[in-house]
Structures are given as structure tokens and as C-alpha cells.
Amino acid sequence: KKQPRKGEFVMKIAVTTENDMVFQHFGKCKSFTIFQVENGEIKSKSLLDAGESGHSALATLLAEQDVNLLICGGIGGGAKDALQSAKIELVAGAQGNVEDAVRNYLAGK
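Residues numbered from 1 in each chain as written. Predicted model: local features only at pLDDT ≥ 70, side-chain atom pairs only at ≥ 80, totals over all residues. Heavy atoms only, no water.

### Re the nonpolar core
Across soluble globular proteins, nonpolar side chains have a tendency to be buried as a group. With 20 residues, the main nonpolar core has F26, F32, L62, L70 and L83 as its most contacted residues. Listing elements by their share of this core, those giving two or more residues are strand 3 (31-38), helix 1 (55-64) and helix 2 (77-85). Tallying contributions element by element places helix 1 first for this core, with 4 residues. In terms of nonpolar packing, the next biggest core, distinct from the first, is built from 12 residues, I13, F35, A94 and V98 among them. (Core = buried A, V, L, I, M, F, W, Y, C linked by side-chain atoms within 4.5 Å. Buried < 20%, exposed > 50% of the residue type's maximum accessible area, 1.4 Å probe, protein only. Helix = DSSP H or I, 4+ residues; strand = E, 2+ residues; numbered from the N terminus.)

Shown next, in the form of C-alpha cells:
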């Protein structure tokens, strides 16, 4: 894994995904789009298949991918706690295209 250079800001953002749109129920999410972001720019994106994972397993799955932030639609309390335990930041209430959701986040919207 390449280490960020000094002053470089690198993060991984996961977005609950269905047909390139923000999927509205975290606990039933079957796939995530993982965005690699450096210095506020999207460098790459890939699809992560969540299979049949449930709420807490999803948080573990994202933590194993070194995800820093999750953008999703709706999310329950248990899942929020699991993400917090995994030290993954949460932005809920997103909708629309997954890449737009990440760009909006990066733009501070």
C-alpha cells in the first residue's frame, strides 16, 4: 500500500450503491462504490460486492477496506454504532448519483 507523501490527503469513501445511485438502506446494501480520493480529487473508483452481509458485518467489511467515510441514504442506530466502533465517519441522507454524492461531499455540501 503506497504511503501518502507529506501534505497529501488521501481517503477512501464508500457509497451504498445500486445502479450507480445512492442506495437508501445501508443494512440491505449489496454493493458499495469505493472512491480513492487524494487532495480532494477522485483518483479511482471500484465496486465492492457486499454479498449477504448484515448491518454489523457491513461495517467490518468497510473497515477491512480501510474506508474512512461512508455516504449513504438511510441508516439505523445499530449500524451507526457499528460504523463508529470501526472509526468510519458517516454522512447519511444522501441521494442521487454516487459520484455526485462524493463530489458534493468534497465540495463541502
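### Focus: the pattern of salt bridges
Note on pairing: side chains with opposite charge can pair once their charged atoms come close. Within this structure, the stated rule accounts for 3 salt bridges. With its nearest N and O atoms 2.7 Å apart, the salt bridge here joins E99 to R103. Placement of the pair is E99 and R103 together in helix 3 (residues 98-106), with a separation of 4 residues, close to one helical turn. Where salt bridges share partners, they join K45, E99 and R103 into one cluster. (Salt bridge = Lys/Arg side-chain N within 4 Å of Asp/Glu carboxyl O.)

### With respect to the confidence of the model for the protein chain
When pLDDT is averaged across the protein chain, the result is 91; 90% of the residues are at 70 or more. Per-residue pLDDT, averaged within each element of the protein chain, yields its smallest value for helix 1 (88) and its largest for strand 2 (residues 21-22) (98). (pLDDT = per-residue confidence, 0-100.)

### Comments concerning the environment of F26
Examined against the element boundaries, F26 turns out to sit in the loop between strand 2 and strand 3. Classification of F26 as buried rests on a relative accessible area of 1%. Sequence separation of F26 and I75 is 49 residues, and the distance between their C-alpha atoms is 5.4 Å.

### Some remarks on helix 3
Buried within helix 3 are the following residues: V98, A101 and V102. Along the long axis of helix 3, the arc covered by the buried residues comes to 95°, so they all point the same way. As for helix 3, its buried residues are in contact with strand 1 (10-18), strand 2, strand 3, strand 4 (41-49) and strand 5 (69-71). Among the residues of helix 3, the N-terminal cap falls to N97, whose side-chain oxygen and the backbone nitrogen of E99 are separated by 2.8 Å. At the exit of helix 3 stands G108, carrying a positive phi of roughly 80°. (Arc of directions from axis to C-beta. Contact = heavy atoms within 4.5 Å. Polar contact = N/O pair within 3.5 Å; in protein donor to acceptor, adjacent residues only side chain to side chain.)

### Examining the pairing of strand 4
In the sheet, strand 3 pairs with strand 4 via 8 bridges, with the strands oriented antiparallel. If you follow F35 over to strand 4, its bridge partner there is K45. (Pairing = 2+ DSSP bridges.)

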